[in-house]
Amino acid sequence: MTPDHPVFDHIPPWTEEEYLALGETAGLVELIRGALWVSPAPTDVIHQTATHRVVTALDPGANNAGLDAGGRINVRLAPDTVVTPDFAVATRTNRFAVVTPAADVHLIGEVTTTDSVLTDRAFKPHLYAAAGIEWYLLVEPNFRDHTTTLRLHRLAGDHYVKHAAAKHGQTLRSDRPFPFELNTVDLLKPHPVAH
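A short tour of the structure in this document, coming up.

Conventions we followed
- Residues numbered from 1 in each chain as written.
- Predicted model: local features only at pLDDT ≥ 70, side-chain atom pairs only at ≥ 80, totals over all residues.
- Heavy atoms only, no water.
- Pairing = 2+ DSSP bridges.
- Helix = DSSP H or I, 4+ residues; strand = E, 2+ residues; numbered from the N terminus.
- Core = buried A, V, L, I, M, F, W, Y, C linked by side-chain atoms within 4.5 Å.
- Buried < 20%, exposed > 50% of the residue type's maximum accessible area, 1.4 Å probe, protein only.
- Phe/Tyr/Trp six-rings, centres within 6.5 Å; stacked < 30°, edge-to-face > 60°.
- Contact = heavy atoms within 4.5 Å.

**As for the pairing of strand S4 (residues 75–78)**
Walk down a regular strand and you will see the side chains alternate between the two sheet faces.
Right, so step 1: Pairing between S4 and strand S5 (residues 81–83): three bridges, direction antiparallel. Within S5, the position partnered with Val 75 by the bridge is Val 83.
Right, so step 2: Counted along the chain from S4 to the antiparallel partner S5, the turn is two residues long.
Right, so step 3: As judged from the two bridges shared by S4 and strand S7 (residues 100–101), these two strands associate in the parallel manner. Residue Arg 76 lies in a different strand from S7, and its bridge partner there is Pro 101.

Below, the structure written as structure tokens:
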């Protein structure tokens, strides 16, 4: 954005309508409590690969439950808060909506990066729990040694508690919110090279 962009002339708080009018941006821009929260968009191959593979692994179980698994959807957590998680599983009736209400989201998740690890471990789960999203899946690739840890949390009152976890080399299996399994090794394994 250039200094003459209308965003710099806006006086907060931002409404959802004003936020959505920004359109596509180079970075990740979310609306949190009426303020714009700007983060670098994850561009590394590991993050993109892990996110794609998580969505691919969640999709069959979600589909069988009448839900859709997808990446980078807008989720309304409150009237002044719209976030874009790395992935979410939501009620199928909202597949073409610009913004999906939190009440229609059954599982929401983040794949950490070096820039997002604190936000994804502490801040975002607080927002998701306050909105009543029942399940939170945290995918934590270790970029130094190419391992992954998975943590599935369930809502208990106003916060999340650990439901299941898998260290690198293990498979996370759960029957809730729908049956699925995620193998930690498969999330980062390079694709075979075609000859």
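Further notes follow.
**Considerations on the nonpolar core**
Right, so step 1: Counting residues in hydrophobic clusters, the biggest one holds 24 residues, and the most contacted among them are Leu 58, Phe 87, Leu 107 and Leu 137.
Right, so step 2: Per-element accounting of this core gives the leading share, five residues, to helix H2 (residues 45–64).
Right, so step 3: In terms of nonpolar packing, the next biggest core, distinct from the first, is built from 17 residues, Ile 32, Val 75, Leu 77 and Ile 108 among them.

**Observations regarding the packing of aromatic side chains**
Right, so step 1: The final tally for this structure, using the stated rule, is four aromatic pairs.
Right, so step 2: Relative to Tyr 136, the ring of Tyr 128 has its centre 5.6 Å away and its plane inclined at 55°; by these criteria the two rings are tilted. Neither Tyr 128 nor Tyr 136 differs from the other in exposure class; each is buried.
Right, so step 3: One aromatic cluster is present, built from ring pairs that chain together Tyr 128, Tyr 136 and Tyr 160.

**Structural notes on the side chain of Thr 112**
Right, so step 1: As for its position among the elements, Thr 112 is in the loop between strand S8 (105–111) and helix H3 (117–130).
Right, so step 2: Exposure remark for Thr 112: the relative accessible area of 3% places this residue in the buried category.
Right, so step 3: Setting aside anything within four residues of it in sequence, one finds Thr 112 in contact with His 47, Val 117, Asp 120, Leu 138, Val 139, Glu 140, Pro 141 and Phe 143.

**Remarks on unusual backbone geometry**
Right, so step 1: That bond from Pro 12 to Pro 13 is cis: its omega, 5°, falls within 30 degrees of zero.
Right, so step 2: Note that the residue after Arg 176, namely Pro 177, is joined by a cis bond; omega there is 5°.
Right, so step 3: Topologically, Pro 177 is positioned in the loop between strand S12 (171–174) and strand S13 (180–183).
Right, so step 4: Its identity as a non-glycine residue notwithstanding, Arg 33 has a phi of 50°, on the positive side.

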